[in-house]
Structures are given as C-alpha cells and as structure tokens.
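Architecture and fold: a report
Each chain, letter by letter, is given below.
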Amino acid sequence: TQLLEQSPQFLSIQEGENLTVYCNSSSVFSSLQWYRQEPGEGPVLLVTVVTGGEVKKLKRLTFQFGDARKDSSLHITAAQPGDTGLYLCAGPGEVSNDYKLSFGAGTTVTVRA
Amino acid sequence: EPEVTQTPSHQVTQMGQEVILRCVPISNHLYFYWYRQILGQKVEFLVSFYNNEISEKSEIFDDQFSVERPDGSNFTLKIRSTKLEDSAMYFCASRTREVAPNTEAFFGQGTRLTVV
C-alpha cells in the first residue's frame, strides 16, 4: 500500500489569507486526486492531476503535481469560510490493477470570518 | 449530474447481527468499490469489484464481509456478524469504464454504521 502523508494536520486561518496543504509520498503515483469532505458526508472530488509538474486551477484553488509524481500541493488564495473542510489527497499508485485509492489522513482547514 | 447513492444514511445494529449496506453506482460505471472511515481516521479501502467479481480486497475484508451486484444496478456490502469495531462510515464509489490513471472515483454520501 502506497502511503500518502498530508501536512499540516490542522490549519486555522483568517478569511482572506492564503493557505497551502501538502501531500507527500515516497512512492510514485500515476495520478493524484484531491477531495474535500464535510462532516458526515462522502469525499467530493475537486481535481485529478496526472502529469508530473502539472498545475490545475479551480477558481481560488491551485493544485500542483510534483515533477516526480510523488507529491502534490493545494493552494487556496484569499480563503473564505466556505472553504472550511477536510481536504484529502488520494492516489491509485503504480501497482494497483483496478485503481483502488490510498488516502492521506487529511488536513482539516478552518477559515474564520 | 449523476451521483452515487447509498442507503440507509444511518444504520444502528446490535453486535452479532447481519447488515446490508446498499449502493447505486453511476449508471455507466463498471468499477465499484467499498471504503470505510472509522471516526477520526483515514479513509481505508475495503474491496473492489469488476465484471461481477472481486478484483482486489484488503486485509480488513475478511470472511465476515461479502459484496454482491444482484441486479445490475445495486451494489451491496454485507457484514455477516457485526462487531463493535465495524462501527464506521462506509462509502461506496464507482469509476467509469475507461481504464486509465485519470479516471476519477465518485463517492456516495456514506452510510454511518453504529454497532451497539
């Protein structure tokens, strides 16, 4: 099982500030997915990054995949209270035949108004 | 927008009882998964299912667990004799027919199973 380490575990910031969440592994991933999960609900897909060095933007969210495809980051610009949630990275890894996902433990983001 | 639906949203059961968790995956998807998330812990893979058979399972998925796709629509997870440690959120997920690294998995809202 490929392990994904997310940091920080918790992040509390003021509305309007920027934040970055990291997802690291010693293994190579064929792709990485970022999900956001609200309490008591299922993970909701935000983005998939596939190519090493890829950068994807989703409004105020910027996702980057490392050149070696072992790490990824999520940057939120001018965070808003609606960005509060648990952010999860997940990846299928190189050896999975059916693309089951390994998840990181998540970063809990709290944006204070 | 198509979505994965799960029922029930919350199930309370006595230890030793059998439970069946139900999922309706997105209609044109062919790969189906069950994951679970114990409170405060990470989401863990349980089992994957393709072409009417299990393609991979984790060490968590022991003889007490089984999956079935009885009618081409529903995808069920059965726990034969529940234990207290089975209490968790159980998520169903499905993936398209495209076997490529960037085909995303879509998750249901989950079933919260509480074993008392």
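Thresholds, definitions, all that
- Residues numbered from 1 in each chain as written.
- Chains lettered and ligands numbered in written order.
- Predicted model: local features only at pLDDT ≥ 70, side-chain atom pairs only at ≥ 80, totals over all residues.
- Heavy atoms only, no water.
- Pairing = 2+ DSSP bridges.
- Helix = DSSP H or I, 4+ residues; strand = E, 2+ residues; numbered from the N terminus.
- Axes fitted to C-alpha atoms, helices over the stretch in contact; angles between N-to-C directions.
- Disulfide = S-S within 2.5 Å.
- Contact = heavy atoms within 4.5 Å.
- Buried area = accessible area lost by both parts, 1.4 Å probe.
- Salt bridge = Lys/Arg side-chain N within 4 Å of Asp/Glu carboxyl O.
- Polar contact = N/O pair within 3.5 Å; in protein donor to acceptor, adjacent residues only side chain to side chain.
- Nonpolar A, V, L, I, M, F, W, Y, C, P; charged D, E, K, R; others polar.

**A look at the sheet that holds strand S3 (residues 19–24) of chain B**
Residue and element names in this part refer to chain B. In spatial order, the strands read S1-S3-S8-S7; together these four strands make up an open sheet with antiparallel pairing. With partners counted over all chains shown, the strands left at the sheet margins are strand S1 (5–7) and strand S7 (65–68), one partner each. Averaged over all pairs of adjacent strands, the angle between their axes in this sheet comes to 20°, without regard to strand direction. Pairing geometry for S3 and strand S8 (residues 75–79), over five bridges, is antiparallel.

**Examining the state of the cysteines**
Residue and element names in this part refer to chain A. Applying the stated criterion to the full structure yields two disulfides over all chains. Between Cys23 and Cys89 runs a disulfide, and the two sulfur atoms are separated by 2.0 Å. The sign of the 80° torsion about the S-S bond sets the Cys23-Cys89 disulfide as right-handed. Of the two residues, Cys23 sits in strand S3 (residues 19–24) while Cys89 sits in strand S9 (residues 85–91), which places them 66 residues apart along the sequence.

**Digging into the interface of chain B and chain A**
Counting residues at the interface gives 24 residues for chain B, matched by 24 residues for chain A. At the boundary of chain B with chain A, total buried surface from both sides reaches about 1,900 Å², with 56% on carbon and sulfur atoms. Counting across the interface, chain B meets chain A through one salt bridge. With its nearest N and O atoms 2.5 Å apart, the salt bridge here joins A:Lys100 to B:Glu56. Our count for the chain B to chain A interface comes out at seven residue pairs in polar contact (both at pLDDT 80 or more). Elements that contribute at least two residues to the side of chain B that touches chain A include exactly strand S4 (31–37), strand S5 (44–50), strand S6 (53–57), strand S9 (88–95) and strand S10 (105–107) of chain B. When its residues are assigned to classes, the side of chain B that touches chain A shows twelve nonpolar, seven polar and five charged.

**A short note on the pairing of strand S6 (residues 55–58) of chain A**
Two elements, S6(A) and strand S7 (residues 61–65) of chain A, share four bridges in a ladder whose sense is antiparallel. Within S7(A), the position partnered with A:Leu58 by the bridge is A:Leu61.

**Focus on unusual backbone geometry**
Glycine aside, the phi torsion of most residues is negative, and most peptide linkages are trans. For the bond running from A:Ser7 to A:Pro8, omega is -10°, close enough to zero to count as cis. Looking at where A:Pro8 falls in the secondary structure, it is placed in the loop between strand S1 (5–7) and strand S2 (10–14). B:Thr7 connects to B:Pro8 through a cis peptide bond whose omega is -10°. For B:Pro8, the location among the structural elements is in the loop between S1 and strand S2 (10–13). Backbone geometry places A:Arg69, a non-glycine residue, at a positive phi of 60°.

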